[in-house]
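Working through the structure, step by step
Here is how the chains run, residue by residue.
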Amino acid sequence: MTRTQVETPFGPARAELHCAAESRAALLLGHGAGGGIEAPDLVAATRAATAAGVHVALVEQPYRVAGRRAPAPAKQLDAAWLAVVEDLGERWFEGLPLVFGGRSSGARVACRTSADGQAVAVLCLAFPVHPPGKPDKTRMPELDGVEVPTLVVQGSRDPFGMPEPAHRREVVTLTGDHSLKADVNGVTKAVTEWLNRVLHTLDV
């Protein structure tokens, strides 16, 4: 495991790199709004990806690196994320297909930036469809706008809602809430199977 700092337009971001034995692709994962990269589902996804021959970068947004808990505005999150993608793509993952992902807020960033960052697939852990109790404030356009294969892993009791499967989008429902920590083995299994399917089409 290696840590590296990346300069962005909104201050330094940080990436924790976990290298796989193979080099099939690279998965960049973002954290939730108030949480960090040590979230159980991010750890499980990292374990699954590296076992599948995929390098992982756990990305800490500049506001977290600066010690703030309140998230930055969406445009700043997206710009910082794309700066990290560009830097890591050149320094660590040159020539590899990039998969974007994250949990909750990080999943939203991955969706919004997938086209600009040329992601080949998107992994969403606990995508927040809407704020709890406010189904009218939907974020589904962000998820619907993704044009590459997408996996959503969602807790069956997630108060942030449940997305529907769609063309290019799989939804795996696990027992638990928004944290997904009730079934981390289920997260690992879902991510492993999906990555192998997605990457098989790229390997051919």
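Below you will find a few notes about this structure. This structure is a prediction, so every number in the text was calculated from the model and none was measured.

Some details on the nonpolar core
Core analysis: the largest hydrophobic core is formed by 33 residues, its most contacted members being Leu28, Leu88, Phe93, Cys124 and Phe127. At the level of secondary structure, the elements contributing two or more residues to this core comprise β2 (11–18), β3 (25–30), β4 (54–60), α3 (74–91), β5 (98–103), α4 (105–113), β6 (121–125) and α5 (140–144). Here this core gets five residues from one element, more than from any other, and that element is α3. Apart from the residues within four sequence positions on either side, Leu28 is in contact with Ala57, Val59, Trp81, Val85, Leu88, Leu98, Val99, Phe100 and Gly101. Core analysis: the second largest hydrophobic core is formed by 29 residues, Val153, Leu174, Ala190 and Val198 among them.

A closer look at the packing of aromatic side chains
Counted under the stated rule, the structure contains one aromatic pair. When the centroid spacing of 5.7 Å and the interplanar angle of 85° are considered together, the rings of Trp81 and Phe100 count as edge-to-face. Placement of Trp81 in helix α3 and of Phe100 in strand β5 is noted, with a sequence separation of 19 residues between them. Note on accessibility: Trp81 and Phe100 belong to one class, buried.

Brief notes about α4
Burial runs high along α4: seven of the nine residues are buried. All buried positions along α4 are accounted for by Ser105, Gly106, Ala107, Val109, Ala110, Cys111 and Thr113. Considering only its buried residues, α4 is in contact with β3, α3, β5, β6 and α5.

Looking at the environment of Arg103
As for its position among the elements, Arg103 is in strand β5. Overall, the relative accessible area of 10% leaves Arg103 in the buried class. Counting along the chain gives 62 residues from Arg103 to Asp41, while the straight-line C-alpha distance between them is 7.7 Å. Apart from residues no more than four positions distant in its own chain, Arg103 is found in contact with Gly30, His31, Gly32, Ala39, Asp41, Leu42, Leu125, Ala126, His178 and Ser179.

Thoughts on the environment of Leu82
For Leu82, the position within the fold is in helix α3. Excluding its chain neighbours within four sequence positions, the residues that come into contact with Leu82 are Thr113, Asp116 and Gly117.

Criteria and thresholds
- Residues numbered from 1 in each chain as written.
- Predicted model: local features only at pLDDT ≥ 70, side-chain atom pairs only at ≥ 80, totals over all residues.
- Heavy atoms only, no water.
- Core = buried A, V, L, I, M, F, W, Y, C linked by side-chain atoms within 4.5 Å.
- Buried < 20%, exposed > 50% of the residue type's maximum accessible area, 1.4 Å probe, protein only.
- Helix = DSSP H or I, 4+ residues; strand = E, 2+ residues; numbered from the N terminus.
- Contact = heavy atoms within 4.5 Å.
- Phe/Tyr/Trp six-rings, centres within 6.5 Å; stacked < 30°, edge-to-face > 60°.

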